[in-house]
Amino acid sequence: MHPAFSILFFTTLAGAAQGLVCALALAVLFGLELAPGFLGIALGVAEVLLVAGLAASFMHLGRKTRAWRAVLMWRTSWMSREVIVLPVFIALVALWWLSLRLGIGAPWSWLLPLLVLYGAMLLWYCTAMIYACLRFIEEWAHPLTVLNFTLIGLSSGLVLACAMAASSGEARFVQVFGPWALIATLAAWAARGGALRRNARLRHKSTLQSATGIRAQKLVQKSMGMSAGSFNTREFFHGVSLAALGNMKLGFLLLAFVLPASLATWGIASASVLPWLLAALVQAPGLLAERWFFFAQARHPQNLYYQVVS
């Protein structure tokens, strides 16, 4: 598939924001003392990331004035469900931030964090199911897709939360959630590695024979199915070499998982700010590279006919 950068930014920014608010919600629900200033700033950052992700997703639309129509198929479409859940989640985060600004206490002090926590999990599920429900793209049609979206979001959000907490002097938050950031990063690494190994072993059901309707045992494609480029050749194939794909895979494994996990270990052991800041900075491009590879690795069956094989 051809990775659309609007979707890369949306899923990466929204996932990190979801992980960040999950960490904040759990801290509040379990009675961890947080400075109101830190909690408000962290929620503000999460809101900015969510709105920026929403804005990036609009760039993917052909006719942006018709975006509202995306909600009409909510009974059958996971994308429609995501379009409904995302604004509700953004509103909940904004309401939680506003309640802090106004000094509103119970029951909002525990109800809003709980609703935000459930909203983040539901949004991860809806977003991941947009791809996991596509059975004809076998790289995505697996429960690991949902697990990876959730764990990568948790990892990025927890790392970001620890970086912000360390910078704000919230040592207790880092002591509690630092190890969980490391665990989430290692779990995300393991799950993503499992998906990579599964996809490497895939034997696709679609073949050149089924794509062309030619039943010959020995069939070799010499050119793509049309003489010029089209929507099919632009949107369903990334156009990069296998060597570039391999380099991208090594790059995102290093930047999104290996280095952040190493820096998180350093941050937990040293109780210093620098490792967490470096972990958040290093992980950001790694997350974009991971999401790019997620789309690029997917093989749409139509490419058996429309892409050059020889």
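Residues numbered from 1 in each chain as written. Predicted model: local features only at pLDDT ≥ 70, side-chain atom pairs only at ≥ 80, totals over all residues. Heavy atoms only, no water.

Student: What am I meant to see in the overall build of the chain here?
Tutor: Within the chain, the regular secondary structure consists of 11 helices and zero strands. Mapped from its N terminus to its C terminus, the chain presents α and β elements in the order α-α-α-α-α-α-α-α-α-α-α. In the chain, buried positions account for 47% of the 310 residues. (Helix = DSSP H or I, 4+ residues; strand = E, 2+ residues; numbered from the N terminus. Buried < 20%, exposed > 50% of the residue type's maximum accessible area, 1.4 Å probe, protein only.)

Student: Can you help me understand the packing of helix H6 (residues 171-200) against helix H10 (residues 274-297) in this one?
Tutor: At their nearest, the axes of H6 and H10 sit 13 Å apart, and the two run at 25 degrees to each other. With respect to H10, the element H6 is oriented roughly parallel. With respect to the hand of their crossing, H6 and H10 are arranged in left-handed fashion. For the pair H6 and H10, contact is made by Val-174, Gly-178, Ala-181, Thr-185, Arg-192, Leu-196 and Asn-199 and by Trp-276, Gln-283, Glu-290, Phe-293, Phe-294 and Gln-297, respectively. (Axes fitted to C-alpha atoms, helices over the stretch in contact; angles between N-to-C directions. Parallel < 35°, antiparallel > 145°, perpendicular 65-115°, else oblique. Left-handed = near helix turned anticlockwise from the far one by under 90°. Contact = heavy atoms within 4.5 Å.)

Student: How do you make sense of the nonpolar core when you look at a structure like this?
Tutor: Grouped burial of nonpolar side chains is what soluble globular proteins tend to show. In terms of nonpolar packing, the biggest core is built from 52 residues, with Leu-24 and Phe-173 touching the most fellow members. Elements with a contribution of two residues or more to this core: helix H1 (5-29), helix H2 (36-58), helix H3 (78-102), helix H4 (108-132), helix H5 (143-167), H6, helix H9 (242-270) and H10. The leading source of residues in this core is H1, at 10 residues. The contacts of Leu-24, once residues within four sequence positions are left out, are Phe-38, Leu-39, Ala-42, Leu-43, Trp-96 and Phe-173. (Core = buried A, V, L, I, M, F, W, Y, C linked by side-chain atoms within 4.5 Å.)

Student: Before we go on, may I ask you to explain the packing of H1 against H10 in this structure?
Tutor: Packed helix pairs are specified by the crossing angle of their axes together with the interaxial distance, meaning the distance between the axes. Contact geometry of H1 with H10 gives a least axis separation of 9 Å together with a crossing angle of 125 degrees. Between H1 and H10, the interaxial angle falls into the category oblique. When the axes of H1 and H10 are compared, the crossing they make is right-handed. Residues Phe-5, Ile-7, Leu-8, Phe-9, Thr-11 and Thr-12 of H1 form the contact with H10, whose own contacting residues are Leu-287, Leu-288, Arg-291, Trp-292 and Phe-295.

Student: Which parts of the structure should I look at to understand the environment of Leu-86?
Tutor: Along the polypeptide, Leu-86 turns up in helix H3. Residue classification places Leu-86 among the buried positions, given a relative accessible area of 4%. In the structure, Leu-86 is positioned 38 residues away from Trp-124 in sequence and 9.8 Å away in space, judged by C-alpha atoms. In this structure, Leu-86 is in contact with Phe-10, Leu-50, Leu-54 and Leu-123, ignoring residues within four places of it in sequence.

Student: Explain unusual backbone geometry here, please?
Tutor: Located in the positive-phi region is Ala-271, a residue other than glycine, with phi close to 55 degrees. Tracing the backbone through its elements, the reader meets Ala-271 in the loop between H9 and H10. Judged by relative accessible area, which is 69%, Ala-271 ranks as exposed.

Student: Is there a simple way to think about H5 in this case?
Tutor: In an α-helix, one full turn covers 3.6 residues, which means residues spaced three or four apart are oriented alike. If you check H5, its first and last C-alpha atoms are 36 Å apart, about what 25 residues at 1.5 Å a residue would give, namely 36 Å. Of all 25 residues making up H5, 20 are buried, and the element is well covered by its neighbours. Note on H5: the residue one or two positions beyond its end, Gly-169, has a positive phi of about 80 degrees. (Expected span 1.5 Å × (residues − 1).)

Student: What is the right way to read the pattern of salt bridges from this model?
Tutor: Opposite charge on two side chains makes pairing possible when the charged atoms of those side chains draw close. Scanning the entire structure with this criterion turns up two salt bridges. Among the salt bridges present, the one from Arg-192 reaches Glu-290, with a minimum N-O distance of 2.6 Å. Placement of Arg-192 in helix H6 and of Glu-290 in helix H10 is noted, with a sequence separation of 98 residues between them. Taking relative accessible area as the criterion, Arg-192 reaches 3% and is therefore assigned buried. Between Glu-290 and Arg-291 there is a salt bridge, with its nearest N and O atoms 3.1 Å apart. Assigned by exposure class, Glu-290 and Arg-291 land together as buried. (Salt bridge = Lys/Arg side-chain N within 4 Å of Asp/Glu carboxyl O.)

Student: Would you take a moment to explain a nonpolar patch on the surface for this structure?
Tutor: There is a patch of nonpolar side chains on the surface, built from Leu-95, Trp-97, Leu-98, Leu-102, Ile-104 and Trp-108 and spanning about 560 Å² of accessible area. The element that contributes the greatest number of residues to the nonpolar patch is H3, accounting for four residues. Overall, Leu-98 belongs to the partly exposed group, its relative accessible area being 39%. (Patch = residues over 30% accessible without salt bridge, like charges linked within 9 Å, V, L, I, M, F, W, Y side chains within 5 Å. Areas by Shrake-Rupley, 256 points an atom, 1.4 Å probe, with all protein chains shown as cover.)

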